Amino acid sequence: RQSDLARNERAMLIIAGLGNPGKQYAGNRHNIGFMAVDAIPRRHSFSPWSKKFKAEIAEGEIGGEKVLLIKPQTYMNLSGESVGEAIRFYKLQPADLVAIYDELDLLPGKARIKVGGGHGGHNGIKSLDAHCGKDYRRLRLGIGHPGAKALVTNHVLGDFAKADHAWLDPLHDELA
């Protein structure tokens, strides 16, 4: 009952997809968060993308709730600067935020959501924690681990293979 009241009183939900700006990063595994928020306007009615809060934003509604989609353009490691600015502008709380990002320790195509937790070495999440607090929803999307720590950077900043779209596209459709 109390959560229903809180949800009805919430001014807006922010869904932040994390990634790096620029065409050279568009297909990277690290940009799965950007890809996920790009899928939402394909299924729901949203404004065209515009620029605000050092980000690309789109406004719309999902299930009667006002939603702001945000893709920080500050690069992954500074994502919190952009998202924090939006949260403060709209006078929102960490509970009004859903962050979508890549997770090495989940199998490709798997998704996990939880409130709060650690950053697990993810610099985008470290930045969000610093600028937004820690009690927001974290939607981790699995990109798989390459097997050796030395291969992680190239894996994360590498593009999804064509074969990955067999699970990636349905995942984004379901998330939307």
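Below is a summary of the structure that appears in this document. (Residues numbered from 1 in each chain as written. Predicted model: local features only at pLDDT ≥ 70, side-chain atom pairs only at ≥ 80, totals over all residues. Heavy atoms only, no water.)

## Looking at the sheet that holds strand β6 (residues 111–115)
Ordered by their spatial adjacency, 7 strands build an open sheet running β2-β3-β4-β1-β5-β7-β6, and the pairing between neighbours is mixed. Every other strand in the sheet has two partners, leaving β2 (50–52) and β6 as the edge strands with one partner each. Going from strand to strand, the sheet's axes swing by 30° on average, the running direction of each strand aside. Pairing geometry for strand β1 (residues 13–17) and strand β5 (residues 97–103), over 4 bridges, is parallel. Note on β5: the bridge partner recorded for isoleucine 14 is leucine 97. Lying over the sheet, helix α3 (residues 79–89) contacts β1, β2, β3 (55–62), β4 (65–72) and β5, oriented at roughly 155° with respect to β4. (Pairing = 2+ DSSP bridges. Helix = DSSP H or I, 4+ residues; strand = E, 2+ residues; numbered from the N terminus. Axes fitted to C-alpha atoms, helices over the stretch in contact; angles between N-to-C directions. Contact = heavy atoms within 4.5 Å.)

## What about helix α4 (residues 123–132)?
Inspection of α4 places Gly124, Ile125, Ser127, Leu128, Asp129 and Cys132 among the buried residues, and these make up the whole buried set. Each element contacted by the buried residues of α4 is listed here: α3, β5 and β7 (137–142). (Buried < 20%, exposed > 50% of the residue type's maximum accessible area, 1.4 Å probe, protein only.)

## Here's the deal with the environment of tyrosine 101
On the secondary structure map, tyrosine 101 appears in strand β5. Here tyrosine 101 falls in the buried class, since its relative accessible area comes to 3%. Along the backbone, tyrosine 101 and serine 79 are 22 residues apart, and their C-alpha atoms lie at a distance of 11 Å. With residues near it in sequence (within four places) discarded, tyrosine 101 still touches Leu18, Ile32, His122, Ile125, Arg138, Leu139, Arg140 and Leu141.

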